[in-house]
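Coordinate analysis (summary)
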Amino acid sequence: MEGARIRHAGPRRELAAQPSARRIAASGKTVVPGLIDLHNHSTFDADMRVYLKNGVTSLRFAGLNQDAVVRLRERATRAEVAAPRIFSCGPMLDRTPPAYPKWTSPVNTPAEAAATARRLLTEDRVEALLVTQQITPELMRPIVDVAHEFGRPVVGQIWYTDGREAAELGIDQLDNSSRIFASREYPKARLLSYGSIAERLGLLARGWMAIDWELTQPIMEAMVKHGVSYCPTLVIHQNQAGIGLRELEADRDYRTMYGEAERREWAAFIDYVQGTWTAEDQRCMAVAAEKRIEWMRRFHAMGGTLVVGADMQFGGIMLHRELQNLAAAGLSTLEVIAAATGRSARELGMGESLGTIEAGKLADLLVVNRNPLEDLSALRDIDRVIKDGQILEL
Ligand SMILES: [Zn+2]
């Protein structure tokens, strides 16, 4: 490494003697690129520290008040908080009334959609745009056109428009609860007939339970054909189904690196999104999670690209759980690592400077104690984290 970048990657004999270089002993260990989380919303200092401690060196916010992102970035620059490299989609773009008012810029006409997209990309200098929930194809088209004019990607977490329509309109990535499945029992009109977020998530679970693979196939084909990647953030839905809660509460970082404020915020959020849920809703969500892993398995087998995000708080812990979900969908350990590094760097538009260990790229590296190709959990068995060529004290 030299400064913030990798100068050489390969056998030592290829490099002339470097008498002044500092050597880091890593015999028997494995070096991997820093991990990338492509979908989160939490800006807590504790989450930033837990991300770094667990090897996540880049993070993209997927819909947030952009002022909060700017504030966090400025504090990170002043070294008031240790944080991953931060990218942002800016606020969510949704129709009125938005599902998440605090995090959304409402757009209701194509002209308004184009103007807001342009303002976010120029004045707010966001690195991507995010369309969500009730965005129609008519509103999505100008947003995609403006973003691509600036060479920026558009991410969707879309419900009104389905994955095939979005792929044909040129969207770059679909996330989380996007409508990428079809069901005879739960057609579009029925899936749109909700009055609250809790009801929508309940319908989502039931729609996935009743997935019709024949009707779903053209959606997956359109996504593969148009190169639309999918970021499942399945961990958040497993969490809503009650899966993995005990493991989270037993996790050392969860117990030692978070305080009351973060736990309260989490409880309030869960209450907001699933307040009226019954045990039956939870059971349906657990079945839906299994169907979604099957979707991911088929999509990957067709040549589709999967990437990763943890979606909410405790991301440094949860992202590693999401990697296990990709493994459950049939990705090899190498493919899982690539999904969270090289593939994600390309989604960020940073494929030239992040995501792999190559001369000239930014030196975001993890030294792990075991070989993650043999066991993915080795990615949390971290000896040291290097970001921008600096060994972090965590
Ligand atoms: Zn999200």
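Above this text sits the structure in question.
Residues numbered from 1 in each chain as written. Predicted model: local features only at pLDDT ≥ 70, side-chain atom pairs only at ≥ 80, totals over all residues. Heavy atoms only, no water.

1. Some points on the overall build of the protein chain
Helices and strands together make up the secondary structure of the protein chain, namely 16 helices and 13 strands. Along the longest, intermediate and shortest principal axes, the C-alpha atoms of the protein chain span 70 × 45 × 45 Å. Of all 394 residues assigned to the protein chain, the portion counted as buried reaches 54%. For the protein chain, the share of sequence-separated contacts (at least 6 apart) that also reach a separation of at least 24 residues comes to 73%. (Helix = DSSP H or I, 4+ residues; strand = E, 2+ residues; numbered from the N terminus. Buried < 20%, exposed > 50% of the residue type's maximum accessible area, 1.4 Å probe, protein only. Contact = heavy atoms within 4.5 Å.)

2. Some details on the coordination of the zinc ion
Distances from the zinc ion to its protein donors, namely His39 (NE2), His41 (NE2) and Asp311 (OD), fall within the range 2.0 to 2.1 Å. Within one chain, the residues serving as donors to the zinc ion are arranged as H-x1-H-x269-D. Of the two residues, histidine 39 and histidine 41, neither departs from the other in class, the shared state being buried. (Donors = N, O, S within 2.8 Å, 3.2 Å for Na, K, Ca; no water.)

3. Some thoughts on the sheet that holds strand β7 (residues 129-133)
Read from one edge of the open sheet, 6 strands run β6-β5-β7-β8-β9-β10, paired in parallel fashion. If you trace the sheet from one side to the other, it starts and ends with β6 (104-106) and β10 (229-231), each paired once. Adjacent strand axes in the sheet meet at a mean angle of 30° when their direction is disregarded. Bridge count between strand β9 (residues 173-175) and β10: 3 bridges; the pairing is parallel. (Pairing = 2+ DSSP bridges. Axes fitted to C-alpha atoms, helices over the stretch in contact; angles between N-to-C directions.)

4. Considerations on the packing of helix α1 (residues 45-53) against helix α14 (residues 315-328)
Angle between the axes and distance between the axes are the two parameters that describe a pair of packed helices. Closest axis-to-axis distance for the α1/α14 pair is 7 Å, and the angle between their directions is 45°. The angle between α1 and α14 places the two elements in the oblique class. Two secondary-structure elements touch here, α1 through Asp47, Val50 and Tyr51 and α14 through Gly315, Gly316 and Ile317. In the contact of α1 with α14, the residues fall into 3 nonpolar, 2 polar and 1 charged. (Parallel < 35°, antiparallel > 145°, perpendicular 65-115°, else oblique. Nonpolar A, V, L, I, M, F, W, Y, C, P; charged D, E, K, R; others polar.)

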